[in-house]
Amino acid sequence: MEAERTKVAELHANQLAMSQQLAIARTQEMAQRRELDSASDEIDQLRRRHTRELEDLDVDLRRKDREIRSLRDELSTCQDDLQRERETVAGLKATLSHQSTAQVALSTQLSAMQAQHGATQAQLDGQHRAYLDVTIELEAARKRITELEHEARESETLRRKLHNQVQELKGNIRVFCRVRPLLSEEAKARMLFPDKMDHKEIVLSSSSESATGQERKDDWMFSFDRVFEPHCSQAEVFEEISQLAQSCTDGYNVCVFAYGQTGSGKSFTMEGGQTEATAGMIPRAVEQVFRVAEQLRSKGWEYKMEGQFLEIYNETINDLLGKGEFDKKKHEIKHDAKTGRTTVTDVNVVPLASSTQVRTLLALAQSRRTVAATLMNERSSRSHSVFTLRIHGENPLTGEVCEGSLNLVDLAGSERLEKSGAAGDKERLKETQNINRSLSALGDVIAALGEKGEGKNDKHIPYRNSKLTYLLQNSLSGNSKTLMVLNLSPLATHLNESLCSLRFATKVNNTTIGTAKKQTRAAITS
Ligand SMILES: Nc1ncnc2c1ncn2[C@@H]1O[C@H](COP(=O)(O)OP(=O)(O)OP(=O)(O)O)[C@@H](O)[C@H]1O
């Protein structure tokens, strides 16, 4: 038991010791737990601080990341830039090397050119000296040209005066006679041309049986300024007329009439055919006027031309350049006493710039006449056609002004009443009477002008007796030049008509206007 008691005491002591130990352990544990708590607090604090630091670091990290990215971007841009710069530098290096080569070449070239420049300069100096010489020569030549131009202008003025004197000496009224060739196998009248030198004479002969059965021979001789035989060409006729075309560029009024019976060659003489050889007096005169105007341009003359083309039928004026097929307007003739200009109301006056334009104009007039002819029974040969070319010239260098006109008149057929078969036909009778009246009025006017020219200054000129003479009043009077071309048919059946025409033309031919009296021989009758 004791052992048990001892054992229990031991156990009890053990238990006590153990309780003490437990208490100590508990105290220790408490202390440790406190330590643990404080350590845990510390850990918490540390953790929180760590977390904060971590967060700060995270923010820092992200910022650094961004900075790194931006720096990377910048770096990449810089690298790109650098690459580009490198390429540019490489390019510049290449260019530099190329330019260095080019510079070497250019330097060589420059040296060559400098050498050449030296040579050229020397040449230039030589040329400059030559230029100075030429300038002096040119100045002298210019002076000479001015002198020559002045002389040319003076000689042109003198030429005009002399030309006019020559025309006046030839007579301001001239008559040419032209016999057309035979066109068929018809019987030919006996016509002789005895004057083989001057071509001024024509003789008509006829033989008939008298009442007593004896043969009677008649010869009639007429003399004109020029007689053109049937073979004479348009050019030969124009040669004589061209002087007058020159006069109108000199400021004179010129009238050219074609007189003769129907079919005697008036239209052929005035208008002519389509070829150059057969072209008539109108196209030739117009061409000459334009040619002369062009030539005179070098002497300072400037010309303006205008044209009109009228027809006088039954004492009524028709405009051949009017619009439409047939002219129905009423036209009046007006004379301006101050300017000496004649105008016709409501007619087309066409400014003319070239002779080709005139040809077109003539063709237009011709086509209108053809229309009228078909409408009114061969009216063209029963009417007078008057083509007028007005010329206005000015010379600013000499201050001269001139105004001339060229009137080219294709007169109506001159056949007498019986011949034309007009007696029975009222309309035809009126036509023929009008034609005869106007033709004799023309003869009277020219005769009166001739008398006036011979000194009868108070002589009345009956211009108003017909539309034709009234229209041409200003172109016939004063210092005007008039040419009548008498056209004759070569036919035997037309002999009497030809004689009438020749007598009429002789009346005109015996007229003088101006200073020179004409040499005329009286007609002889045996
Ligand atoms: N010198 C000439 N050479 C050749 N043929 C000519 C000549 N003269 C006139 N003729 C011809 O004679 C014919 C009649 O001439 P033209 O028509 O010119 O006469 P005209 O007098 O004007 O007649 P009309 O009064 O009817 O108009 C025409 O066929 C024309 O070609």
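Below is a summary of the structure that appears in this document. (Residues numbered from 1 in each chain as written. Predicted model: local features only at pLDDT ≥ 70, side-chain atom pairs only at ≥ 80, totals over all residues. Heavy atoms only, no water.)

Comments concerning the nonpolar core
Cut-off, in case you're wondering: Throughout, nonpolar core names a set of buried Ala, Val, Leu, Ile, Met, Phe, Trp, Tyr and Cys residues whose side chains join them through atoms within 4.5 Å. Exposed residues in this analysis have more than 50% of their type's maximum accessible area, buried residues have under 20%, and partly exposed residues fall in between, with area computed by a 1.4 Å probe over protein chains only. Helix and strand assignments come from DSSP, with helices taken as H or I runs of at least 4 residues and strands as E runs of at least 2, each series counted from the N terminus. The criterion used for residue contact is that any of the two residues' heavy atoms lie within 4.5 Å.
Membership of the largest hydrophobic core comes to 49 residues, with the highest contact counts inside it found for Ile 202, Phe 224, Phe 257, Leu 476, Met 484 and Leu 502. By residue number, the principal contributor to this core is helix 7 (residues 426-453), which donates seven residues. Look past the residues within four positions of Met 484 in its chain and what remains in contact with it is Arg 174, Val 175, Phe 176, Phe 257, Tyr 259, Leu 442, Ile 446, Phe 504 and Val 508. Counting residues in each nonpolar core, the second largest holds 41 residues, with Leu 244, Leu 361, Leu 408 and Val 485 among its members.

Quick look at the packing of aromatic side chains
Cut-off, in case you're wondering: Aromatic contacts are taken between Phe, Tyr and Trp rings whose centres are within 6.5 Å, Trp giving its six-membered ring; a plane angle under 30 degrees counts as stacked, one over 60 as edge-to-face, and the others as tilted. Only when the NZ of Lys or the CZ of Arg is both within 6 Å of the ring centre and within 35 degrees of the ring normal is a charge said to sit over the ring.
Applying the stated rule across the entire model yields four aromatic pairs. Note on Phe 176 and Phe 228: the rings are 5.6 Å apart at their centroids and 75° apart in plane angle, and the pair reads as edge-to-face. Separated by 52 residues along the polypeptide, Phe 176 in strand 1 (residues 173-179) and Phe 228 in strand 5 (residues 226-228) bring together distant segments of the chain. In this structure, Phe 176 and Phe 228 share a single accessibility class: buried. Aromatic pair Trp 301 and Tyr 303: ring centres 5.9 Å apart, planes at 20°, arrangement stacked. Owing to a relative accessible area of 15%, Tyr 303 belongs among the buried residues under this scheme. When the ring centre of Tyr 252 is taken as reference, the NZ or CZ atom of Lys 481 above it lies at 4.5 Å.

Describing unusual backbone geometry
Phi at His 199 is positive, roughly 55°, even though this residue is not glycine. Within the secondary structure, His 199 sits in the loop between strand 2 (190-192) and strand 3 (201-209). Relative accessible area serves as the criterion here: at 27%, His 199 is assigned to the partly exposed category.

Some points on empty space enclosed by the protein
For clarity, the cut-off: The method works on a 1 Å grid over the protein atoms by themselves. A cavity is a set of points holding a 1.4 Å probe that cannot get out, a pocket is an open set with protein on both sides within 12 Å along at least five of seven lines, and residues with an atom within 4 Å of a point line them. Grid points are joined across faces, edges and corners, and a volume is the space filled by probe spheres set on the points.
On inspection of all chains with the given rule, the structure shows two cavities of 30 Å³ or more. Within this model, the second largest cavity holds a volume of roughly 50 Å³. Lining the second largest cavity we find Ile 312, Tyr 313, Asn 314, Glu 315, Arg 382, His 384, Ala 412, Glu 431, Asn 434, Ile 435 and Ser 438. Going through the elements one at a time, strand 7 (302-313) and helix 7 are the ones with two or more residues in the lining of the second largest cavity.

Details of the site of the ligand
This is how it is decided: A single heavy atom is enough: if one lies within 4 Å of a molecule or strand, its residue is considered near that molecule or strand. N or O atoms closer than or at 3.5 Å make up a polar contact, with two conditions inside protein: a donor-capable atom paired with an acceptor-capable one, and, for residues adjacent in sequence, both atoms drawn from side chains. Methods summary: accessible areas were calculated by the Shrake-Rupley approach with a probe of 1.4 Å, and residue burial reflects only the protein chains presented. Three categories are distinguished: nonpolar for Ala, Val, Leu, Ile, Met, Phe, Trp, Tyr, Cys and Pro, charged for Asp, Glu, Lys and Arg, and polar for the others, with Gly belonging to the last.
As a structural note, the neighbourhood of the ligand is formed by 13 residues, with Gly 263, Lys 266, Ser 267, Phe 268 and Ser 381 the closest of them. Between an oxygen atom of the ligand and a main-chain N or O atom of Gly 263, the distance comes to 2.9 Å. Summarising the interface, the protein chains cover 71% of the accessible area of the ligand, which totals 620 Å² for the free molecule. Sorting elements by how many residues they give to the shell around the ligand places helix 3 (residues 266-270) first, with three residues. For the shell around the ligand, a count of residues per class yields three nonpolar, seven polar and three charged.

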